[in-house]
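What the coordinates show
So you can see what is in the structure, the chains are spelled out below.
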Amino acid sequence: MSSDPTQPPVVPGPREPGQPAAAPAYTAPTAAQPQPTPMPFEAPAFEPVSADRSLFEKRPEILIGLATAGGLVAAQILGRMRGR
């Protein structure tokens, strides 16, 4: 479809004998075309993780569970101190 509103829309269908066929969507590279040069190696944007991680680094949900349990125990202790 043309972006110009005064032009008729393009409808796929049979062509007149003088019109060329549509260009292929992909053409394989040939030896005459220059090949792209490979990208130079760049260091990664982050440091790789070491294999000797602690249990809490391997399983962060354990740390979250311990923090939750600690908060509940602290709330009970404070509640008993206030006389509840």
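Analysis parameters
Residues numbered from 1 in each chain as written. Predicted model: local features only at pLDDT ≥ 70, side-chain atom pairs only at ≥ 80, totals over all residues. Heavy atoms only, no water. Salt bridge = Lys/Arg side-chain N within 4 Å of Asp/Glu carboxyl O. Buried < 20%, exposed > 50% of the residue type's maximum accessible area, 1.4 Å probe, protein only. Helix = DSSP H or I, 4+ residues; strand = E, 2+ residues; numbered from the N terminus. Expected span 1.5 Å × (residues − 1). Polar contact = N/O pair within 3.5 Å; in protein donor to acceptor, adjacent residues only side chain to side chain.

Summed over all chains, the structure comprises one salt bridge. Among the ionic pairs, R59 bridges to E61, the shortest N-O distance being 2.5 Å. Judged by its relative accessible area of 44%, R59 is partly exposed. Overall, the relative accessible area of 42% leaves E61 in the partly exposed class.

On to helix α2 (residues 60-82). The end-to-end C-alpha distance of α2 is 33 Å, a good match for the 33 Å that 23 residues give at a rise of 1.5 Å each. G83 occupies a position one or two residues after α2 and carries a positive phi of about 100°.

Turning next to the environment of R59. Looking at the secondary structure, you find R59 in the loop between α1 (55-58) and α2. A polar contact is formed between the side chain of R59 and the side chain of E61, at a distance of 2.5 Å.

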